[in-house]
Amino acid sequence: MKNKEHTRQVRDTVVKKFKVEFGYKKISQALNIPRSTVQAIILKWKEYQTTANLPRPGRPSKLSAHTRRRLIRDAAKRPMITLDELQRSTAEVGDSVHRTTISRILHKSGLYGRVARRKPFLKYIHKKCCLKFATSHLGDTPNMWKKVLWSDETKIELFGNNAKRYVWRKSNTATHHPHCQTWWWQHHGLGLLFFSRDREDG
């Protein structure tokens, strides 16, 4: 139960008597308040130079500072980790909190849930060949590229998983990072693949 709070006038009187060199015991007897209360009022006045009520911090956090740092570190290292997985990991160390609490902690650190970009799965050899092709054609002229026949493809998924995957990342960060992408394979599931070509007129 909350203790009764003394008025601003009483607190000011305590400070005035202290300034004229009244001791804690004499002030306590004169105002009929506990000596510990007199001491607390004077210590607060010495530190903040006021007897007014200061803003209160609110309810203490259910998670320790160590657990909060661990949540942020896990989300940064494993962007595709889900709130359910983070909730279970905190429960294992004895801190049981709601998913919204975890989400709020991540938001304060700048991490937000974003849809992962779906990219074709490329092995290291594929990336190496693509880079080699790009560097070998750096000096090509625009007229040369006009002679190239470009093609595009569209896949319609009939059976398979096209669900969105979310990742934890900060705003304005690179979305092409491998940890912030999800992969798809043309042989996964059952689908139809259509090709289209662009060619020059004439």
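Residues numbered from 1 in each chain as written. Predicted model: local features only at pLDDT ≥ 70, side-chain atom pairs only at ≥ 80, totals over all residues. Heavy atoms only, no water.

In the nomenclature of an unreviewed UniProt entry, the chain corresponds to Transposase Tc1-like domain-containing protein from the organism Oncorhynchus tshawytscha.

Asks: Requested: an account of the environment of Val14, with residues and values cited.
Replies: Here Val14 lies in helix 1 (residues 8-19). Val14 sits 16 residues away from Ala30 along the chain, and the two C-alpha atoms are 9.6 Å apart. (Helix = DSSP H or I, 4+ residues; strand = E, 2+ residues; numbered from the N terminus.)

Asks: Summarise the state of the cysteines; cite the residues concerned and give the values.
Replies: Counting across every chain of the model gives 0 disulfides. Between Cys129, a free cysteine, and Cys130, which holds the nearest cysteine sulfur, the sulfur-to-sulfur gap is 7.1 Å. Accessibility expressed as a relative area gives 46% for Cys129, which makes it partly exposed. You can call Cys130 partly exposed: its relative accessible area is 47%. (Disulfide = S-S within 2.5 Å. Buried < 20%, exposed > 50% of the residue type's maximum accessible area, 1.4 Å probe, protein only.)

Asks: Now, about the nonpolar core: what can you tell me, with residues and values included?
Replies: In a soluble, globular protein the nonpolar side chains are often hidden away together inside. If you look at the biggest cluster of nonpolar residues, it comprises 12 residues: Leu63, Leu71, Ala75, Ile81, Leu83, Leu86, Val97, Ile102, Ile105, Leu106, Leu111 and Trp168. Broken down by secondary-structure element, the contributors of at least two residues to this core are helix 4 (65-77), helix 5 (83-92) and helix 6 (99-108). Here this core takes 3 residues from helix 6, the largest share from any one element. If sequence neighbours within four positions are ignored, Ala75 has contacts with Ile81, Leu106, Leu111 and Trp168. Val14, Ile33, Ile42 and Trp45 belong to the second largest nonpolar core, which has 9 residues in total. (Core = buried A, V, L, I, M, F, W, Y, C linked by side-chain atoms within 4.5 Å. Contact = heavy atoms within 4.5 Å.)

Asks: Could you give me a rundown of the packing of aromatic side chains, with the residues and numbers involved?
Replies: By the definition in use, this model includes 2 aromatic pairs. Between Phe18 and Trp45 the ring centres are 6.4 Å apart and the planes differ by 70°, which places this aromatic pair in the edge-to-face class. Taken together, the residues Phe18 in helix 1 and Trp45 in helix 3 (residues 35-48) connect sequence positions 27 residues apart. Through a chain of ring-to-ring contacts, three or more aromatic side chains come together here, namely Phe18, Tyr24 and Trp45. Above the ring of Phe22, the side-chain terminus of Lys17 is found at 5.0 Å from the ring centroid. (Phe/Tyr/Trp six-rings, centres within 6.5 Å; stacked < 30°, edge-to-face > 60°. Lys NZ or Arg CZ within 6 Å of the ring centre and 35° of its normal.)

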